[in-house]
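# Commentary on secondary and tertiary structure
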Amino acid sequence: MAHYGTTTDFQAWLTANGFTLPAGADPAVLLTVGSSYVDAAYGARLTCSQRTGGFTQELEWPRVGHVINGQTVPEDLIPPAWVSAVYRAAYLQASTPGWATGSNDPNRVTKREKVDVIEREFMTAADRGVKVAAGSGVPTDALIDGMLTPWLCSTSRRFNDLFRVI
C-alpha cells in the first residue's frame, strides 16, 4: 500500500515532537492509515488540480496545475505539510486506536445530556462558527486542519470566475 513519508522520517518526527509509539505498533501500517485518512478527509478539496498519474494514482499528491497564493506548485512536490499531517494522523491512530478510521455522524451527536440533577451541553465547531476543512463526518484534529488548509483549493468564488472564456 502506498503512503506518504518514510518510517525513518516518521520516527524522527515522533522524536522531535516528544512522542513514542505504543509497543507493537507498526510504523508502516500507521503511515498507510494516516495517508488514507488525510487523503480521504482533505482530498475532496483539491479540485483545482489533478493527480499527476491520473485516476490510477493511489495518493492525492503529487498533482498537476495546483496553485497556492498565485504560485504554481511543482508537479513532483509532495507538500511537507501534507507529510507532517500524515505523521500526526498516524500517531493519533497509534495512541487512540480507531481515531483515523472512525467517523462522526453529525445527525447523531448528543448536544445535551442530563443524568439526575447534572446536565451537560456539548458544543461543536459549527456551534462556535468554526469552519473545518476536513470532509463532513470525519474526525478532525486542529493541528492537521491547520497544516493542510493552506494547501486546499478555495471554495469561494473570485471575481475572475465570472469572466472565464471557455
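Everything below is about the structure printed above this text.
First, a word on what this report is: a plain description of the structure on this page. Treat the numbers as computed from the prediction; the structure is a model and nothing was measured.

Along the protein, the regular secondary structure elements total four helices and six strands. Each of the 166 residues in the protein was classed as buried or not, and the buried ones make up 33%. Considering only contacts within the protein whose residues lie at least 6 apart along the sequence, 62% involve residues at least 24 apart. Summed over its atoms, the accessible surface of the protein is roughly 10700 Å², and 54% of this surface lies on carbon and sulfur atoms.

Over its 16 residues, helix H3 (residues 80-95) runs 23 Å from end to end, which matches the ideal 22 Å to within 8%, given 1.5 Å per residue. Along H3, 13 of the 16 residues are buried, which leaves the element largely enclosed by surrounding structure.

What follows deals with the packing of aromatic side chains. What the rule picks out here adds up to eight aromatic pairs. Put simply, the rings of Phe-10, Trp-13, Phe-19, Tyr-87 and Tyr-91 touch in pairs and so form one group of aromatic residues.

A few words now on the state of the cysteines. Applying the stated criterion across every chain yields a total of one disulfide. A sulfur-sulfur separation of 1.9 Å characterises the disulfide bridge that pairs Cys-48 with Cys-153. With the S-S bond torsion at -75 degrees, the cross-link from Cys-48 to Cys-153 turns out left-handed. Residue Cys-48 is located in the loop between helix H2 (27-42) and strand E1 (50-51), and its partner Cys-153 is located in the segment after helix H4 (142-148); the two are separated by 105 residues in the primary sequence.

Here we take up the pattern of salt bridges. For the structure shown, the criterion picks out three salt bridges. Across the salt bridge formed by Asp-141 and Arg-88, the nearest N and O atoms sit 2.7 Å from each other. Taken together, the positions of Asp-141 in the loop between strand E6 (118-121) and H4 and Arg-88 in helix H3 put the pair 53 residues apart, joining distant regions of the chain. With respect to class, Asp-141 is no different from Arg-88; both count as buried. Each member of the salt-bridge network shares a partner with another, and the members are Arg-51, Glu-60 and Arg-63.

Okay, the packing of H2 against H3 next. Where H2 meets H3, the axes come as close as 8 Å, and the angle between the chain directions of the two elements is 115 degrees. H2 and H3 meet at a crossing whose hand is right-handed. Contacts between H2 and H3 pair Leu-30, Leu-31, Val-33, Gly-34, Ser-35, Tyr-37, Val-38, Asp-39 and Tyr-42 from the former with Trp-82, Ala-85, Val-86, Tyr-87, Ala-89, Ala-90, Gln-93 and Ala-94 from the latter. Of the residues assigned to the contact of H2 with H3, the class counts are 13 nonpolar, three polar and one charged.

Let us look at the nonpolar core. The biggest cluster of nonpolar side chains holds 33 residues, and the ones touching the most others in it are Phe-10, Tyr-37, Val-38, Tyr-42, Trp-82 and Ile-144. Counting residues per element, the ones that place at least two in this core are helix H1 (7-16), H2, H3 and H4. A total of eleven residues in this core trace back to one element, the largest contributor, which is H3. Once residues within four sequence positions are removed from consideration, Ile-144 is found in contact with Tyr-37, Tyr-42, Ala-85, Arg-88, Ala-89, Leu-92 and Trp-99.

Among the structural elements, His-66 can be located in the loop between strand E2 (63-64) and strand E3 (67-68). Here His-66 falls in the buried class, since its relative accessible area comes to 0%. Among the polar contacts listed, one links the side chain of His-66 to the backbone oxygen of Trp-151, at a separation of 2.8 Å. Excluding its chain neighbours within four sequence positions, the residues that come into contact with His-66 are Leu-46, Cys-48, Ser-49, Trp-61, Gln-71, Thr-72, Val-73, Trp-151 and Cys-153.

Right, let's get into H2. Between its first and last C-alpha atoms H2 spans 22 Å; for 16 residues at 1.5 Å apiece the expected length is 22 Å, and the two agree. Of the surrounding secondary structure, the elements contacted by the buried residues of H2 are H1, H3 and H4. The N-terminus of H2 is capped by Asp-26, whose side-chain oxygen sits 3.1 Å from the backbone nitrogen of Ala-28.

Rules of the game
- Counting restarts for each chain: residues are numbered from 1 in the order of the written sequence.
- For a predicted model such as this one, the threshold for reporting local features is a pLDDT of at least 70, and the threshold for listing and counting side-chain atom pairs is 80 or more; totals across whole chains, interfaces and linings nevertheless cover every residue.
- Excluded from the side-chain calculation are hydrogens and water; included are all heavy atoms of the structure.
- Counting from the N terminus, the helices are DSSP H or I runs at least four residues long and the strands are E runs at least two residues long.
- For each residue, the accessible area found with a 1.4 Å probe, counting protein chains only, is set against the maximum for its type, and the residue is called buried under 20%, exposed over 50%, and partly exposed in between.
- Every residue pair with non-hydrogen atoms within 4.5 Å of one another is taken to be in contact.
- What sets the accessible areas is the Shrake-Rupley method with a 1.4 Å probe; for residues, cover comes only from the shown protein chains.
- Here the expected span of a helix is defined as 1.5 Å times the quantity of residues minus one.
- The pairing test for Phe, Tyr and Trp rings, Trp by its six-membered ring, is centres within 6.5 Å, and the orientation test on the planes gives stacked under 30 degrees, edge-to-face over 60, and tilted for anything in between.
- Cysteine sulfur atoms that pair up within 2.5 Å are treated as a disulfide.
- Salt bridges are identified by distance alone: a Lys or Arg side-chain nitrogen within 4 Å of an Asp or Glu carboxyl oxygen.
- Only the stretch in contact is used when fitting a helix axis, every axis being a line fitted to C-alpha atoms; angles between N-to-C directions are given from 0 to 180 degrees.
- With the far helix as reference, a near helix turned anticlockwise by less than a right angle produces a left-handed crossing, and one turned clockwise produces a right-handed crossing.
- Put simply, Ala, Val, Leu, Ile, Met, Phe, Trp, Tyr, Cys and Pro go in the nonpolar bin, Asp, Glu, Lys and Arg in the charged bin, and everything else, Gly too, in the polar bin.
- For the purposes of this section, nonpolar cores are sets of buried Ala, Val, Leu, Ile, Met, Phe, Trp, Tyr and Cys residues that join through side-chain atoms within 4.5 Å.
- Polar contacts, as used here, are pairs of N or O atoms within 3.5 Å; protein pairs need one atom able to donate a hydrogen and one able to accept it. Residues neighboring in sequence count only if both atoms are side-chain atoms.

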